[in-house]
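Each chain is listed here by its residues.
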Amino acid sequence: MKPWAEKFYKSRAWQEVRQAYFIYRHGICERCGRPGEIVHHKEYLTPLNINDPNITLSFDNLELLCLDCHNKEHSKQDSVKDGLMFDDDGNLIQSPPGLENSGLFRDRRAAFRKPRNRLT
């Protein structure tokens, strides 16, 4: 988590809005229909808008996403240099050895997750 956003994400207001939005969306990812995990801000939070409740706490600016859809959203917006990746809190970190040119660093958990058994 970015230092300037830490106070907001730990606030009671955010925790209550996040939980209410999760319930409002029935825990389902709004993009793919899988179980949702992350309440995402459509307009990304910045140091300039972090104190604007119309951006930070408004249902109009929120979207419930699964981890895969959240990663896809950020990979569209974020340009990541080879050898770097984003951790679970959105911080830029070095990629584990061997992933630099594999293309897997864009989905930070892909290299560590067991394959899913899906019925198709």
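Keep in mind that this is a model prediction, so the values were computed, not measured. (Residues numbered from 1 in each chain as written. Predicted model: local features only at pLDDT ≥ 70, side-chain atom pairs only at ≥ 80, totals over all residues. Heavy atoms only, no water.)

**Overview of the environment of His 70**
In plain terms, the rule: Each helix is a run of DSSP H or I of at least 4 residues and each strand a run of E of at least 2, with the numbering of both proceeding from the N terminus. Relative accessible area decides the class of each residue, using a 1.4 Å probe on protein chains only: under 20% of the type maximum gives buried, over 50% gives exposed, and in between gives partly exposed. Contacts were defined at the residue level, with two residues in contact if any of their heavy atoms lie within 4.5 Å.
Within the secondary structure, His 70 is located in helix α4 (residues 67-77). By relative accessible area, His 70 is classed as buried at 13%. With 39 residues separating them in the primary sequence, His 70 and Arg 31 have C-alpha atoms 9.6 Å apart. In this view, His 70 contacts Ile 38, His 40 and Leu 65; residues no more than four positions away in its chain are not counted.

**Things to note about the environment of Leu 57**
Structurally, Leu 57 can be placed in the loop between α3 (53-56) and β2 (62-65). Given a relative accessible area of 25%, Leu 57 falls into the partly exposed group. Taking C-alpha positions, Leu 57 is 6.4 Å from Val 17, a pair spaced 40 residues apart along the chain. Apart from the residues within four sequence positions on either side, Leu 57 is in contact with Phe 8, Ala 13, Trp 14 and Val 17.

**Description of the pattern of salt bridges**
Put simply, the test is: When a carboxyl oxygen of Asp or Glu is within 4 Å of a side-chain nitrogen of Lys or Arg, the pair counts as a salt bridge.
Taken as a whole and assessed by the stated rule, the structure comprises six salt bridges. Of the charged contacts in the structure, one is a salt bridge between Asp 68 and Arg 34, with a shortest N-O distance of 3.1 Å. In this pair, Asp 68 sits in helix α4 while Arg 34 sits in the loop between α2 (12-24) and β1 (38-41), placing the two residues 34 residues apart along the sequence. By relative accessible area, Arg 34 is classed as partly exposed at 24%. What emerges from the salt-bridge pattern is a single network uniting Arg 31, Glu 63 and Glu 73.

**Quick notes on the packing of aromatic side chains**
To keep things clear, this is the line we draw: Between the rings of Phe, Tyr and Trp (Trp by its six-membered ring), a pair exists once the centres lie within 6.5 Å; its type follows the angle of the planes, with under 30 degrees stacked, over 60 edge-to-face, and the other angles tilted.
Scanning all chains against the criterion turns up six aromatic pairs. Aromatic side chains Phe 8 and Tyr 9 sit 5.1 Å apart centroid to centroid with 65° between the ring planes, which places their arrangement in the edge-to-face category. By relative accessible area, Phe 8 is classed as buried at 10%. Each ring, one from Tyr 21 and one from Tyr 24, has its centre 5.8 Å from the other, and the planes form 45°; the classification is tilted. Here the residue Tyr 21 and the residue Tyr 24 both occupy positions in helix α2, the gap between them amounting to three residues, near one helical turn. Taken together, the ring pairs in this structure connect Phe 8, Tyr 9 and Trp 14 into an aromatic cluster.

**Remarks on the confidence of the model for the protein**
What counts, and what does not: The predictor's confidence in any single residue is recorded as pLDDT, a number from 0 to 100.
Here the protein shows a mean pLDDT of 79. Residues at 70 or above account for 68%. Low confidence marks residues 100-120, where pLDDT is under 50. Its contacts with residues over four positions away, or in another chain, come to 37 contacts.

**Things to note about the nonpolar core**
Our working rule: Residues belong to a common nonpolar core when they are buried Ala, Val, Leu, Ile, Met, Phe, Trp, Tyr or Cys residues joined through side-chain atoms within 4.5 Å.
Counting residues in hydrophobic clusters, the biggest one holds 11 residues: Ala 5, Phe 8, Trp 14, Val 17, Tyr 21, Val 39, Leu 45, Ile 50, Ile 55, Leu 62 and Leu 64. Those elements giving two or more residues to this core turn out to be α2 and β2. It is α2 that contributes the most residues to this core, three residues altogether. For Leu 45, the residues in contact, after removing those within four places along its chain, are Trp 4, Phe 8, Tyr 9, Ile 50, Ile 55 and Thr 56.

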